[in-house]
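# Observations on the three-dimensional arrangement
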Amino acid sequence: MSGLVVENLAADLGGRPVLAGVGFRVAPGETVALLGPNGAGKSTLLRCLAGLIPASGGTAAWEGSGLAAMTSPARARTLAYLPQDRVVHWNLAAGAIVALGRLPHGASAGRLSPADAAIVANAMETMDVAHLEDRPASAMSGGELARVLAARLIAQDTPLVLADEPAASLDPAHQIRLMAAFRRQARQGKAVLVSLHDIELAARWSDRVIILRNGTVIADGKPDNAITAETMAEAYGITARIGHDECGLTFTPLALTGNGD
Amino acid sequence: MTRLAALMAALAALLFLASLAVGASDIPVLHGLAALVTGSDPLAATIMRDIRLPRALLGLGIGFSLGLGGAALQGFLRNPLAEPGLVGVSGAAALGAVAVFYTGLSAFGGFTVQLGALAGAAGAVVFLIGLAGRRSSPMTLVLAGVALTSLTGALTALALNLSPNPFASYEIIFWLLGSLKDRALGDAALALPLMAAGWALLFACASALDALTLGDDTARSLGVNLPRTATMLVAGVALSAGAGVAVAGTIGFVGLVVPHLLRPFTDERPSSLLLASGFGGAALLLAADIAVRLLTTGRELNVGVLTALIGAPFFLWLVMSNRRVMA
């Protein structure tokens, strides 16, 4: 069984079931976007895969080995996870933040080997933050910090990459740069699962789209097949104009369903 | 070793020698050291061995423990107000010692007081790990520590309140103030190995502390085992700071001020602060202990009083001047 295989996954938060019967696959080489309204369970799914909350049922495995059974160091070399909230507690410079991504590979963040330093420099180049290397976190804008933290994710250099709304608060250019970076990572043989709220961005930059609603998968397929008037109405309760241009799918939300205007 | 850590180590070494040189009798430091090694001048050798060396060694060890423990706890809790006293270990160790005074067991001499304090520190570890160690978030540890500090403080006050005779109360109060005066080489021999074990545990947390900079979730996804880190940290602080309380009483503010003071000169990673803060704490405590010997106040001030007296206003100034940067 190759790549990420999730079967019948269930999870509770505070006794309330948040995920139920979730099943999908992400193959190496694929970028998969996770869509769905607020509270659909996107973050819970990613946190559950990252081993941060226990599953109440079902399995998730990478290349045949269960993620839940892995030791934390082994899991940290299998998957990298970028949480939604962007926290940097001390006033570290960007270079030091990105270097933390090398910790699971035995690097001490203070003294990087030339190989680790090259990976860190490459990750910073990818996210367009190389020029921020010495800038402390307190002197970065929200978007700059988001890109630095995404560079940390890339520097961890794991076969499976999980990112929770990494595009939020990025300008359009950096959204495209971020998605292009994820796609490039996938082209190198990684499996990328990224939750997004921007449906056009998801449609244009991912190989496949999974739509969650109330903790279950309601659509899973190529963007053109998954993003339809029906699924948008079911997931978000909206009507939308869905079209195509030479770059791919176009999407304009119009109104709430069941609402006259 | 970073340049800052090397600088602090040199400063601590210098103050260690100065601590050996300062005392009631006038013995030049080199002469005293020579006497200590060769035994050429028995009087000087006795003074060095029985009075000055234990004092300097304990100043070094306790100061290092407080500075290192403060830096490690601040990193783990990601709270610049953390210090070894915050997690309740110092309070529990003090209570253990007070219990020995109160029950009159201290009359048996030997190391009864020290062992009482170590038992208190061990009890604190069991309590903290039992309550906060499993599935813990750092926040649980803070809350458990605050609860433990209040409880041990209340029990210490109760012991004072019910104390059978004024002499016992006096002994308790004096001991709580913290001092390096009149310690024996045996005190250092008891405390230093425990401290060294604690330091090893704290240094072993270095990478985990760095990872925690990005929050609990990211740290865990980077392979940090949070409950194990919490356990190592609590045990490390209890061994190093608890051993210090056992032989010298409670000495405040060193663990709080030193990491604060040095952090701006590092790259802000918690791990780069550990060694520098340890040596910085040693330097500060040695300097304060030299100062109480040089100040002629009729009767010698307890070094714990001096560190609090200087530490609190200094800390306030530090917070005020950093306000804009931290906000």
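On a predicted model such as this, the values are computed, not experimentally measured, just so you know.

## Quick notes on the UniProt feature "transmembrane region" (unreviewed entry) in chain B
All names here are of chain B.
- Here, UniProt's "transmembrane region" (unreviewed entry) annotation points to residues 56-73, 85-105, 111-132, 139-160, 188-209, 229-262, 274-295 and 301-320.
- The span residues 85-105 carries 71% helix and 0% strand; its end-to-end C-alpha distance comes to 25 Å.
- Secondary structure across residues 188-209 comprises 95% helix and 0% strand; the distance between its end C-alpha atoms is 30 Å.

## Considerations on the interface of chain B and chain A
- Taken residue by residue, the interface counts 24 residues in chain B and 26 residues in chain A.
- The interface formed by chain B and chain A includes one salt bridge.
- Across the pair Asp 217 of chain B and Arg 47 of chain A runs a salt bridge whose closest N-O atoms are separated by 2.2 Å.
- The interface formed by chain B and chain A holds five residue pairs in polar contact (both at pLDDT 80 or more) in total.
- Mapped onto the side of chain B that touches chain A, the elements with two or more residues apiece are α3 (42-77), α9 (206-212) and α10 (216-221) of chain B.
- Split by residue class, the side of chain B that touches chain A holds six nonpolar, ten polar and eight charged.

## Some thoughts on the sheet that holds strand β10 (residues 216-221) of chain A
Residues and elements named next belong to chain A.
- With mixed pairing, six strands are arranged side by side in an open sheet as β6-β7-β8-β3-β9-β10. The sheet is open, and its two edges are formed by β6 (79-82) and β10, each paired on a single side. Pairs of neighbouring strands in the sheet enclose a mean axial angle of 15°, with direction left out of account.
- The pairing of strand β3 (residues 31-35) with strand β8 (residues 191-195) spans four bridges and is parallel. Residue pairing across strands places Val 32 opposite Leu 193, the latter belonging to β8.
- Across the sheet, helix α1 (residues 42-49) is in contact with β3, β6, β7 (160-164), β8 and β9 (208-213); its angle to β7 comes to roughly 145°.
- The sheet strands contacting helix α5 (residues 142-155) are β6 and β7, and the helix crosses β6 at an angle near 170°.

## Focus on the pairing of strand β12 (residues 248-256) of chain A
Residue and element names in this part refer to chain A.
- Where strand β11 (residues 238-245) meets β12, eight bridges bridge the pair, whose relative direction is antiparallel. Within the sheet, the bridge partner assigned to Gly 243 lies in β12 and is Thr 250.
- From the end of β11 to the start of β12, which pair antiparallel, there are two residues.

## Quick notes on the packing of aromatic side chains
Residues and elements named next belong to chain B.
- A full pass over the atoms with the stated rule returns two aromatic pairs over all chains.
- An angle of 55° between the planes, with centres 4.6 Å apart, marks the rings of Phe 64 and Trp 199 as tilted. Placement of the pair is Phe 64 in helix α3 and Trp 199 in helix α8 (residues 185-204), with a sequence separation of 135 residues.
- Given the relative accessible area of 6%, Phe 64 is considered buried.
- Its relative accessible area of 19% is what places Trp 199 among the buried residues.
- Summarising the aromatic geometry, the rings of Phe 64 and Phe 279 are spaced 5.1 Å apart at their centres and angled 75° between planes, so their arrangement reads as edge-to-face. Of this pair, Phe 64 sits in helix α3 while Phe 279 sits in helix α13 (residues 270-294), placing them 215 residues apart in sequence.

## Considerations on the environment of Ile 119 of chain A
Residue and element names in this part refer to chain A.
- Looking at where Ile 119 falls in the secondary structure, it is placed in helix α4 (residues 114-126).
- Ile 119 gets classed as partly exposed once you look at its relative accessible area, which sits at 25%.
- Here the alpha-carbon distance between Ile 119 and Ala 27, two residues 92 residues apart in the chain, equals 24 Å.
- If sequence neighbours within four positions are ignored, Ile 119 has contacts with Arg 102, Ala 155 and Asp 157.

## Describing unusual backbone geometry
- Even without a glycine there, the phi angle at Glu 63 of chain A is positive, about 50°.
- With phi around 75°, Glu 268 of chain B is a residue other than glycine that occupies positive phi space.
- Positionally, Glu 268 of chain B belongs in the loop between α12 (254-262) and α13.

## Section: the packing of helix α4 (residues 89-103) of chain B against helix α7 (residues 166-176) of chain B
Residues and elements named next belong to chain B.
- At a minimum axis separation of 10 Å, α4 and α7 run at an interaxial angle of 155°. Regarding the angle of α4 to α7, the classification is roughly antiparallel. Crossing geometry of α4 relative to α7 is assigned as right-handed. Only Glu 171, Ile 172, Trp 175 and Leu 176 of α7 make contact with α4, whose side of the interface consists of Ala 94, Ala 97, Val 98 and Phe 101.
- Counted by class, the contact of α4 with α7 contains seven nonpolar, no polar and one charged residues.

## A few points about the packing of α3 of chain B against α12 of chain B
Residue and element names in this part refer to chain B.
- The geometry of α3 relative to α12 is characterised by a closest axis approach of 8 Å and an angle of 65° between their N-to-C directions. Between α3 and α12, the angle is such that the two are roughly perpendicular. Taken as a pair, α3 and α12 cross one another with a handedness that is right-handed. In this structure, α3 contributes Gly 63, Leu 66, Gly 67, Gly 70, Ala 71 and Gln 74 to the contact, and α12 contributes Val 254, Gly 255, Leu 256, Pro 259 and His 260.

## Side note on the side chain of Thr 266 of chain B
All names here are of chain B.
- Looking at the secondary structure, you find Thr 266 in the loop between α12 and α13.
- On the accessibility criterion, Thr 266 (16% relative accessible area) is buried.
- Polar side-chain contacts of Thr 266 include one of 2.8 Å to the backbone oxygen of Arg 263.
- Of the polar contacts made by the side chain of Thr 266, one reaches the backbone nitrogen of Glu 268; its length is 2.9 Å.

## What about the side chain of Arg 208 of chain A?
Residues and elements named next belong to chain A.
- Inspection of the secondary structure assignment puts Arg 208 in strand β9.
- On the basis of relative accessibility, which here comes to 12%, the residue Arg 208 falls in the buried class.
- In terms of polar contacts, Arg 208 uses its side chain to reach the side chain of Glu 30, at 2.8 Å.
- When sequence neighbours within four positions are dropped, the list of residues in contact with Arg 208 reads Arg 25, Val 26, Glu 30, Thr 31, Val 32, Ala 33, Asp 220, Gly 221, Lys 222 and Pro 223.

Each value, and the rule that gives it
Residues numbered from 1 in each chain as written. Chains lettered and ligands numbered in written order. Predicted model: local features only at pLDDT ≥ 70, side-chain atom pairs only at ≥ 80, totals over all residues. Heavy atoms only, no water. UniProt positions renumbered as here; feature names shortened; annotations may be inferred. Helix = DSSP H or I, 4+ residues; strand = E, 2+ residues; numbered from the N terminus. Contact = heavy atoms within 4.5 Å. Salt bridge = Lys/Arg side-chain N within 4 Å of Asp/Glu carboxyl O. Polar contact = N/O pair within 3.5 Å; in protein donor to acceptor, adjacent residues only side chain to side chain. Nonpolar A, V, L, I, M, F, W, Y, C, P; charged D, E, K, R; others polar. Pairing = 2+ DSSP bridges. Axes fitted to C-alpha atoms, helices over the stretch in contact; angles between N-to-C directions. Phe/Tyr/Trp six-rings, centres within 6.5 Å; stacked < 30°, edge-to-face > 60°. Buried < 20%, exposed > 50% of the residue type's maximum accessible area, 1.4 Å probe, protein only. Parallel < 35°, antiparallel > 145°, perpendicular 65-115°, else oblique. Left-handed = near helix turned anticlockwise from the far one by under 90°.

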